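Geometric and topological summary
Listed below, chain by chain, are the residues.
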Amino acid sequence: MKYYLFPKNFQHYPLDQLMQSVARMGFDGPTALVRDGFWISYESAAKDMAAYVKAAQQHGLQVKYGSADLNPDTLLTDAKQLDLLKIYAANGIEQVRLQHVIKKTEDDVTAYRDRFCRQAEKAAKAGELAGLRCVFQVHGNCYPHNATAAYEGIKGLDPKYVGIKMDPGNNVCQEGYELFWYQISLLKDYLCALGAKDVGYFKTEGETNGNKGWHPAWLPAYEGMINYQNIFAWLKQADFNGPVISMPFYSCGSDEEMEATVAKELAYFKSCSLGE
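Rules used throughout
Residues numbered from 1 in each chain as written. Predicted model: local features only at pLDDT ≥ 70, side-chain atom pairs only at ≥ 80, totals over all residues. Heavy atoms only, no water. Pairing = 2+ DSSP bridges. Helix = DSSP H or I, 4+ residues; strand = E, 2+ residues; numbered from the N terminus. Buried < 20%, exposed > 50% of the residue type's maximum accessible area, 1.4 Å probe, protein only. Right-handed = clockwise from strand over helix to strand, strands pointing away. Phe/Tyr/Trp six-rings, centres within 6.5 Å; stacked < 30°, edge-to-face > 60°. Lys NZ or Arg CZ within 6 Å of the ring centre and 35° of its normal. Contact = heavy atoms within 4.5 Å.

**Focus on the sheet that holds strand β7 (residues 162-166)**
Pairing is parallel in the open sheet, where 9 strands are placed in the order β2-β1-β11-β8-β7-β6-β5-β4-β3. Taken across any chain shown, the strands that pair with only one partner, and hence form the sheet edges, are β2 (29-30) and β3 (32-34). Pairing of strand β6 (residues 133-137) with β7 involves 4 bridges; the strand directions are parallel. From the neighbouring strand, Phe136 faces β7, where its bridge partner is Ile164.

Here it is, written out as structure tokens:
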């Protein structure tokens, strides 16, 4: 099983420092995040992607998973989006997470299901054209927000070209919680990545808002609420082989403390995968 770092919280690192840190923390590599202000921009994606992958390889790392705000409604009609998928594939990236579809109060919510079915069909076709797998992440406040909704959109499509990333942390922190064994059993071959992060709930005494003072906070997984030992055991039963995308959204006082915490969290995930 391969472990990759979603490097959002390391945005301030120069490229070579990022790769040094990713290797030092024990990951197989970073994910390739295309986002302006990061290491790979939309305007110079071909050049930046090649440099990013080369820098990773120089430190004994690999880049196999990426994410970009690619609109699943227009993947097949916007040449720039399809070209970006092809740039990913040309650089050895095997899976790319697409843009989240955010729910809005003014939307006709009854249309979300059929819209996602169309999006999934387009994503599968775009994945086939580009030579990789397009990924939808189960994500709170978005659609699909749980495995049941995701499965309804992708069933019958080719799992070589479209898949689902489950995200227990988002399920618990935001929206979409379902029993994790159920999610894994339902998605089966469509389950192509695990977003690994954790959360806890805390109460601030004296707050009088509608939540009665309770609020979620991101935590290292060895401190959070989610039983990753069970999750990895169920993934093993389902013959899931990764990748695991570590998504450390918590913050620490210094870069050194952050790296030490992320490394400790990664060791925890690896121990869970081994049944320790």
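What follows continues from the structure just given.
**Notes on the pairing of β6**
Counted residue by residue, β6 has 5 buried out of 5 residues, so it is predominantly covered. Of the two faces of β6, both are covered, the one formed by Arg133, Val135 and Gln137 as well as the one formed by Cys134 and Phe136. Where strand β5 (residues 95-97) and β6 come together, 3 bridges link them in parallel fashion. Looking at β6, one finds that Val96 is bridged to Cys134. Crossover β6 to β7 through helix α5 (residues 147-154) is right-handed.

**So, the packing of aromatic side chains**
Taken as a whole and assessed by the stated rule, the structure comprises 14 aromatic pairs. Between Trp181 and Tyr182 the ring centres are 6.5 Å apart and the planes differ by 85°, which places this aromatic pair in the edge-to-face class. Accessibility expressed as a relative area gives 42% for Trp181, which makes it partly exposed. Given a relative accessible area of 29%, Tyr182 falls into the partly exposed group. For the ring pair Tyr228 and Phe232, a centre distance of 6.3 Å and an interplane angle of 45° mean the geometry is tilted. Highlighted residues: Tyr228 and Phe232, both in helix α8 (residues 228-237), separated by 4 residues, approximately one helical turn. Its relative accessible area of 0% is what places Tyr228 among the buried residues. In this structure Phe232 comes out as buried when scored by relative accessible area, which is 2%. Among the aromatic residues, those joined into a ring-pair cluster are Tyr112, Phe116, Phe136 and Tyr143. When the ring centre of Phe38 is taken as origin, the NZ or CZ atom of Arg35, which lies over that ring, is 5.6 Å away.

**Topic: the side chain of Gln183**
Residue placement: Gln183 occurs in helix α7 (residues 180-187). Not counting the four nearest positions on each side in its chain, Gln183 is found in contact with Ala147, Met166, Asn171 and Glu178.

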